[in-house]
Amino acid sequence: VVAAAGVGERAGAGGLKQFRPIAGVPMLLRAVRPFANHPEVRRIIVAVPPNCAAEPPQWLRDATGERVVLIAGGPTRSASVRAGFEALGAECTIVLVHDAARPFVSRETIDAVIATAARGVGAVPAVPVGDTLKRAMNGSSRIESTVERTALWRAHTPQGFPHRMLEDLLRRSTETSTTDEAALAEAAGHPVELVPDRTSNLKITTPEDFELAEALARL
Ligand code: CTP
Ligand code: MG
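Here the residue numbers are simple positions, counted from 1 along each chain's written sequence. Chains carry letters and ligands carry numbers; both start at the beginning, A for chains and 1 for ligands, and go up in the order they are written. Per-residue local features are limited, in this predicted model, to residues with pLDDT of at least 70; the limit for side-chain atom pairs, both in listing and counting, is 80 or more; totals at the level of whole chains, interfaces and linings are taken over all residues. Hydrogens and water molecules were not included; the side-chain quantities draw on all heavy atoms of the structure.

Asker: How would you explain the nonpolar core if you had to name every residue and give the values?
Answerer: Nine residue types can take part in a nonpolar core, namely buried Ala, Val, Leu, Ile, Met, Phe, Trp, Tyr and Cys, and a core is a set of them joined through side-chain atoms within 4.5 Å. Whether a residue is buried, partly exposed or exposed follows from its accessible area with a 1.4 Å probe, protein chains only, as a fraction of its type maximum: under 20%, in between, or over 50%, in that order. Core analysis: the biggest nonpolar cluster contains 22 residues, and V2, L28, V32, F35, I44, V46 and V48 have the highest contact counts within it. The helix and strand labels rest on DSSP assignments: H or I over at least four residues marks a helix, E over at least two residues marks a strand, and numbering proceeds from the N terminus. Elements represented by at least two residues in this core include exactly α1 (27-36), β4 (44-48), β5 (68-72) and α5 (107-117). We call two residues contacting when some pair of their heavy atoms lies within 4.5 Å. Those residues in contact with V48 that sit more than four places away from it in its chain are A4, A5, L28, A53, L60, L70, I71, A72 and G73. Judged by nonpolar contacts, the second largest core, of 20 residues, contains V1, V95, L169 and A185.

Asker: Just give me the short version of the pattern of salt bridges, but keep the residues and values in it.
Answerer: The salt bridge definition used is simple: a Lys or Arg side-chain nitrogen within 4 Å of an Asp or Glu carboxyl oxygen. For the structure on display, the rule yields seven salt bridges. With its nearest N and O atoms 2.9 Å apart, the salt bridge here joins E193 to R119. Of the two residues, E193 is situated in strand β12 (residues 192-196) and R119 in the loop between α5 and β7 (122-128); the sequence distance between them amounts to 74 residues. Linking R172 and D168 is a salt bridge whose minimum nitrogen-to-oxygen distance equals 3.0 Å. Of the two residues, R172 and D168 are both situated in helix α6 (residues 163-172); the distance of four residues between them amounts to about one turn of the helix.

Asker: An account of the pairing of strand β8 (residues 133-136) is needed here, citing residue identities and associated values.
Answerer: Sheet analysis places β8 next to strand β9 (residues 143-147), joined by four bridges and oriented antiparallel. When the bridges of β9 are listed, R135 appears paired with S145. Counting the residues in the hairpin turn of β8 and β9 gives six residues, including G139, whose phi is positive at 65°. Here, a strand pair is defined by DSSP locating no fewer than two bridges between the strands.

Asker: Could you give an account of the packing of aromatic side chains, naming the residues involved and the relevant values?
Answerer: Classification of ring pairs rests on two measures: the distance between centres of Phe, Tyr or Trp rings, Trp counted by its six-membered ring, which must be within 6.5 Å, and the angle between planes, read as stacked under 30 degrees, edge-to-face over 60 and tilted in between. If you walk through the whole model with that rule in mind, you get one aromatic pair. Seen in terms of ring centroids, F19 and W59 are 5.1 Å apart; in terms of plane orientation they differ by 85°. Their pairing is edge-to-face. Of this pair, F19 sits in the loop between β1 (2-3) and β2 (21-22) while W59 sits in helix α3 (residues 58-63), and the two are 40 residues apart along the sequence. When its relative accessible area of 26% is taken as the criterion, W59 is described as partly exposed. Sitting above the plane of the F210 ring, R20 keeps its charged end 4.5 Å from the centroid. Only when the NZ of Lys or the CZ of Arg is both within 6 Å of the ring centre and within 35 degrees of the ring normal is a charge said to sit over the ring.

Asker: So, the site of ligand 1: which residues are in play, and what are the values?
Answerer: Of all residues adjacent to ligand 1, which total 19 residues, the nearest are A3, G8, E9, S80 and K203. Definition of a polar contact: a pair of N or O atoms within 3.5 Å, with one able to donate and the other able to accept a hydrogen when the atoms are protein atoms, and with sequence-neighbouring residues admitted only if both atoms are side-chain atoms. Within the contact set of ligand 1, an oxygen atom lies 3.0 Å away from a backbone nitrogen or oxygen of G6. In the environment of ligand 1, an oxygen atom lies 2.9 Å from a nitrogen or oxygen atom belonging to the side chain of K17. Compared with its free state, where it exposes 560 Å², ligand 1 has 87% of that area covered by protein. Residues are classed as near a molecule or strand on a simple rule: at least one heavy atom within 4 Å of it. Computed by Shrake-Rupley with a 1.4 Å probe, the accessible areas treat only the displayed protein chains as cover when residues are assessed.

Asker: Describe the environment of A123, and please don't skip the residues or the numbers.
Answerer: Topologically, A123 is positioned in strand β7. Put simply, A123 and A182 are 59 residues apart on the chain and 7.8 Å apart in space, counted from C-alpha to C-alpha. Leaving out residues up to four positions away in the same chain, A123 has contacts with V113, T116, A117, P158, Q159, G160, V192, E193 and V195.

Asker: Could you give me a rundown of unusual backbone geometry, with the residues and numbers involved?
Answerer: Backbone phi values are negative for most residues with the exception of glycine, while trans is the configuration of most peptide bonds. Here T157 and P158 are connected by a cis peptide whose omega angle stands at 10°. Residue position: P158 is located in the loop between β10 (153-155) and β11 (159-162). The backbone of A151 sits at a positive phi, close to 80°, despite the residue not being glycine. Mapped onto the fold, A151 is located in the loop between β9 and β10.

Asker: Give a detailed account of helix α8 (residues 207-217), specifying residues and quantitative values.
Answerer: All of the buried residues in α8 are D209, F210 and A213. All buried residues of α8 lie within an arc of 100° about the axis, which places them on one face of the element. Exposed and facing more than 90 degrees away from the buried side of α8 are E208 and E211. Elements that come into contact with the buried residues of α8 comprise β2 and α1. Directions drawn from the helix axis to the C-beta atoms are what define this arc.

On their own, these measurements won't tell you what the molecule is for.
This is the structure:
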């Protein structure tokens, strides 16, 4: 399930963030391709803004077919993921949820997430926090303290789950503000494991991230 129905407010002007080209290739295509090229991925449901689902641009129309399907996302990421999950066939035993805003996911990461979820647990690709972390005093630039960073990881996508686990989580949750599905699993007491990922699987959020992405795409 690819979440691609956001508006990209923090990315500034320049059209829908997930449709914006990175070295000539729309970010959404870059995010979908490693899954489309993966032999174990049966179906790819892409949740896009409702107007785009109704009238996709030609490049997106060209990328869809029997295996890659467009659906209308919802007003929040959680709603979009939920809609995507509901559009999946029951033949999928493992479900991966990926953000269109992560165009550099590697084959190795997808493999590792599938392998972990296949053991019956949730899988979260992540990288250990490398910087020293500071906590600021309420609303100011004054530092209150240093946060212990050992044991802290930055969570990425694709996050993987056994179909039954995700179904259960989505059925029980009315939460719409969670930024990832793993949080639901953790709260419900399901085992969720970290899968070491690469720093290059970054999320594109701001205009500066697009500059980084351009450079990364040309490496
Ligand atoms: N997303 C979605 N449906 C929404 C909101 C977000 O599918 N209603 C997707 C985005 O398209 C993105 C992913 O969730 O691929 C992660 O969200 P984020 O990076 O925050 O993207 P946006 O919500 O589009 O950006 P912003 O928060 O700056 O508006
Ligand atoms: Mg957002």
